[in-house]
Amino acid sequence: MTEYEAFAIELAREAARVTLPFFRSDLGHEDKGGAAGFDPVTEADKQAEAAIRRLIAARYPDHGVIGEEYGEDRPDAEHVWVLDPIDGTRAFISGLPLWTTLIALCTAGKPTVGVIAQPYLDEIYIGGPSGARLLRGDVETPLAVRSCETLTDAVISTTDPDIFNGAELGAWTQVRATARLARLGCDAYAYAMVAAGKMDLVAETSLKPWDWSALVPVIEAAGGKVVNWRGAAPDDRGQVLAVGDARLIDQALVTLKRAAA
């Protein structure tokens, strides 16, 4: 394991130390959505990101940080950590163990190390130069995507069809109608399941860099692929397609490209 991979795991465990006491507790949350709609944030989000940032500043003071809660700090640095302390806040406040902590290291603008951590289940999915693995306590298990040649055999996911606009919803509906099985409401945990060979495809939109950056190294180190709805690398348009088997990309994009931003 590389130095940065080991540090990403250290960051994930520090975030878990902060977030777990809040989970399934009576501590409340705030709605930061306003007129745009319900968008909750918890004290756990804020404290966890602050804790991660402190560790990064102490270990690598020349590195940049981009986080959902506290914005950008040296975003043009060669090495930039991209953080989402609690992805799936709605699941978090609902007591569902499908929320995750997302941590990515981008080098020269490209995600090179990624962590998808689910502290309540004691799971850390990590991908990077040394490969992809699941950590549970002191046990490491290699991660590998599974073969899925056709979309008709695929298990697919999106967090909520309500995230799609009209054209996107039509495209997702056609992909869902073709697939064998669709599961909803999993947030970033669905991407971990792609890397673990349990699911085959995730399609989402309106994602920010902290929502997708960590997913790329985990899935790609496990043998999968993450692209936008045009088939290129994910970007600020926020439309993401992740697959375990690259043969699914063209099949899904037949429909998704029609709604590509």
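The structure under discussion appears in the preceding block.
Worth saying up front: this structure is predicted, and the values here are computed from it rather than measured.

About the thresholds
- Residues numbered from 1 in each chain as written.
- Predicted model: local features only at pLDDT ≥ 70, side-chain atom pairs only at ≥ 80, totals over all residues.
- Heavy atoms only, no water.
- Core = buried A, V, L, I, M, F, W, Y, C linked by side-chain atoms within 4.5 Å.
- Buried < 20%, exposed > 50% of the residue type's maximum accessible area, 1.4 Å probe, protein only.
- Helix = DSSP H or I, 4+ residues; strand = E, 2+ residues; numbered from the N terminus.
- Contact = heavy atoms within 4.5 Å.
- Axes fitted to C-alpha atoms, helices over the stretch in contact; angles between N-to-C directions.
- Left-handed = near helix turned anticlockwise from the far one by under 90°.
- Nonpolar A, V, L, I, M, F, W, Y, C, P; charged D, E, K, R; others polar.
- Arc of directions from axis to C-beta.
- Pairing = 2+ DSSP bridges.

Visitor: Is there a simple way to think about the nonpolar core in this case?
Guide: In terms of nonpolar packing, the biggest core is built from 36 residues, with Ile116, Tyr125, Leu143, Tyr191, Leu215 and Ile219 touching the most fellow members. Those elements that provide at least two residues to this core are strand S5 (79–87), strand S6 (100–107), strand S9 (131–136), helix H5 (189–195), helix H6 (209–212), helix H7 (215–221) and strand S15 (240–243). If you tally residues by element for this core, the top one is H5, at 7 residues. Not counting chain neighbours up to four residues away, the residues in contact with isoleucine 116 comprise Thr100, Thr101, Leu102, Glu123, Ile124, Tyr125, Ala188, Tyr191, Ala192, Leu215 and Val218.

Visitor: When you look at the packing of helix H1 (residues 3–19) against helix H2 (residues 43–59) in this model, what are you seeing that I'm missing?
Guide: Axes are the key here: two packed helices are described by the angle between their axes and the distance separating the axes. Two elements in contact, H1 and H2, have axes whose closest approach is 9 Å; the angle formed by their N-to-C orientations is 145°. Note on packing geometry: the crossing formed by H1 with H2 is right-handed. On H2, the residues that touch Phe7, Glu10, Leu11, Glu14, Ala15, Val18 and Thr19 of H1 are Ala44, Gln47, Ala48, Ala51, Ile52, Leu55, Ile56 and Arg59. Residues that form the contact of H1 with H2 fall into these classes: 10 nonpolar, 2 polar and 3 charged.

Visitor: It is not clear to me how helix H8 (residues 247–256) should be interpreted in this structure. Could you clarify?
Guide: Along an α-helix, residues three or four apart share an orientation, since each turn contains 3.6 residues. Residues of H8 that are buried: Leu248, Ile249, Ala252, Leu253, Thr255 and Leu256. Seen from one end, H8 has its buried residues packed into an arc of 150°, which puts them on one side. Residues of H8 that are exposed and angled more than 90 degrees away from the buried face: Asp250 and Val254. Structurally, H8 contributes buried residues whose contacts are with helix H4 (166–178), strand S13 (201–204), strand S14 (225–227) and S15.

Visitor: Sorry if this is basic, but what is going on with unusual backbone geometry here?
Guide: As a rule of thumb, non-glycine residues mostly have phi less than zero, and peptide bonds are mostly trans rather than cis. The phi angle at arginine 74 is positive, at roughly 55°, despite the residue not being glycine. For arginine 74, the location among the structural elements is in the loop between strand S4 (71–73) and S5. In this structure arginine 74 comes out as partly exposed when scored by relative accessible area, which is 38%. We note that alanine 108 has phi near 55°; this positive angle belongs to a residue other than glycine.

Visitor: I'm lost on the sheet that holds strand S7 (residues 110–118) in this one. Help?
Guide: Spatially, S4-S3-S5-S6-S7-S8-S9-S10 is the arrangement adopted by the 8 strands of the open sheet, whose pairing is mixed. At either end of the open sheet lies a strand with only one pairing partner, and these are S4 and strand S10 (139–142). With direction set aside, neighbouring strand axes in the sheet form an average angle of 15°. Note that S6 and S7 share 7 bridges and pair antiparallel.

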